[in-house]
Amino acid sequence: MYLSIVNKSKFGVVVVFIVLGIFLQCTNNNNTGIQQKTEELFQKQLKKNNIRNAFLSVYSPSRSIDWNYTDGTFQSGDKVSSDNPFLTASIGKTFTATAIAQLVEQNKLKFSDPISRYLPDSIMQGLHVYNGVDYSAEITIAHLLQHTSGLPDYFEGKTIDGRANVMELLFSKPDKFWDPVETIEFAKQKMEPLFVPGNGFNYTDTEYVLLGLIVEKLSGTNLHNYFEEHFFKPLEMKHTSMHIRSTPLEQTLKLAETYAGDFEVSSIASLSADWAGGGLVSTGSDLIKFQQALFSGKIISAETLQAMQNWVPETHGMEYGFGLRKITFRKLFPTLPDLTIIGHSGSTGSFMFYCPELDVYLAGTLNQTEEVKESVVLMVKVLSLILRNAEKQ
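Residues numbered from 1 in each chain as written. Predicted model: local features only at pLDDT ≥ 70, side-chain atom pairs only at ≥ 80, totals over all residues. Heavy atoms only, no water.

K.L.:
When you look at the overall build of the chain in this model, what are you seeing that I'm missing?
P.N.:
A tally of regular secondary structure across the chain gives 13 helices and 15 strands. Compactness check: the chain gives a C-alpha radius of gyration of 22 Å against a globular reference of 21 Å for 393 residues, within 12% of the reference. Taken over the C-alpha atoms alone, the chain extends approximately 80 × 50 × 45 Å along its principal axes. Here the chain holds 393 residues, and 55% of them are scored as buried. (Helix = DSSP H or I, 4+ residues; strand = E, 2+ residues; numbered from the N terminus. Rg over C-alpha atoms; globule rule 2.2 N^0.38 Å. Buried < 20%, exposed > 50% of the residue type's maximum accessible area, 1.4 Å probe, protein only.)

Put into structure tokens, the structure is as follows:
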């Protein structure tokens, strides 16, 4: 509407700028109120004894929102800042899934392809034997992406003999460096599949290690190199890297500390077990750069992104696609706003989501494994504030 007025006269130009100025001033004033309330919500998290540091980035170009909240300290007493990266945990699954989607667009594979076409016999042999029947050859790329293969989870799954899984070994053997293939062998030898491929849902990092190996096979490079060349460099994600295995594009401050209860885990070598399923280190601003690129068609096409949103039920209020998780607020609780968020969360209280109804991006972490649900509550509250503000305008 304004563009049609601008060309009529110099007076019209002046009027337009006055109107735009008033509009932007009103928008900024409204945003100031919810920005302060958002900060109050954020600070409330830090009052909990088990949360030592936290990060929250909220961004919306259409709503003139660009807020970054960071607070807390290191064990040394030094303050954390928004330039300190944090462990993203399972947010890394979205990166691995997007790498697979790019390979699909390059005609190097199809989502429906059996994984046996791309993985060696040493990996495939005995990979999925359920009730005495070998279903290994029936597993597809889509099964792995969607957690519907039936494979066990080497991280948190139950072992056959009741001994420690890899999650427990992280703490008992903190100096151990895990090779990706070693985690697959752990699942094959010490665990059993849960169901026939395609006949259920079981969230498992085992599938994403297999996907990482497929990315390496078809790209001819290490997974962290692939991420750097296809995501970090083109999107200028200068402070993102694969934890332990690579370094950021630019000099970056030290990693924020992450806790499992009272145990600080970010410095232990055994976190190398969290690879293609969640081994990234990043910042809120870098994660939002990735989200914007993903949802705007910059790194994959809109058609491929739609294919990744092939949802299956995960748990109450949540559905899972190809490396993407969808949370529907009304399904979580009927009195919540009619909003959805699409992205991923992690076991450290990390989150990276986009709300399409409001055009708002959220990223951050509470850096505490005991507060995963609280990170979802925080996002619900922040988006509810933005929605109520939008309804008043």
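K.L.:
Any chance you could explain the sheet that holds strand E13 (residues 340–345) here in plain terms?
P.N.:
In space, the eight strands of this open sheet follow the order E2-E1-E15-E14-E13-E12-E11-E10, with antiparallel pairing throughout. Of all the strands in the sheet, the pair left with one neighbour each is strand E2 (65–72) and strand E10 (312–315). Ignoring strand direction, the axes of neighbouring strands in this sheet form an average angle of 20 degrees. Lying over the sheet, helix H3 (residues 92–105) contacts strand E11 (318–320), E13 and strand E14 (350–355), oriented at roughly 95 degrees with respect to E13. The strands touched by helix H13 (residues 372–392) are strand E1 (53–60), E2, strand E12 (325–328), E13, E14 and strand E15 (360–365); relative to E15, the strand with the most contacts, the crossing angle is about 150 degrees. (Pairing = 2+ DSSP bridges. Axes fitted to C-alpha atoms, helices over the stretch in contact; angles between N-to-C directions. Contact = heavy atoms within 4.5 Å.)

K.L.:
Which parts of the structure should I look at to understand the side chain of glutamate 264?
P.N.:
Note that glutamate 264 resides in strand E8 (residues 263–264). For the buried glutamate 264, no salt bridge is present, and the opposite-charge side chain at shortest range is arginine 52, 9.5 Å distant. In this structure the side chain of glutamate 264 is engaged in a polar contact, spanning 3.2 Å, whose partner is the backbone nitrogen of threonine 258. A polar atom in the side chain of glutamate 264 sits 2.3 Å from the side chain of serine 266. With residues near it in sequence (within four places) discarded, glutamate 264 still touches Gln75, Glu257, Thr258 and Tyr259. (Lys, Arg positive; Asp, Glu negative; His and termini not counted. Salt bridge = Lys/Arg side-chain N within 4 Å of Asp/Glu carboxyl O. Polar contact = N/O pair within 3.5 Å; in protein donor to acceptor, adjacent residues only side chain to side chain.)

K.L.:
What's the story with the side chain of lysine 326 in this structure? I'm lost.
P.N.:
Note that lysine 326 resides in strand E12. Residue lysine 326 is classed as buried on the basis of its relative accessible area of 17%. Dropping the residues within four chain positions of it, lysine 326 is found in contact with Trp311, Gly317, Met318, Glu319, Ile341 and Ile342.

K.L.:
Can you help me understand the environment of serine 350 in this one?
P.N.:
For serine 350, the position within the fold is in strand E14. Of the residues examined, serine 350 reaches a relative accessible area of 0% and is grouped as buried. Ignoring anything within four residues of it in the chain, the contact list for serine 350 reads Leu87, Thr88, Ala89, Ile91, Ser345, Gly364 and Thr365. Among the polar contacts listed, one links the side chain of serine 350 to the backbone oxygen of threonine 88, at a separation of 2.8 Å. A polar side-chain atom of serine 350 sits 3.4 Å from a polar atom in the side chain of threonine 348.

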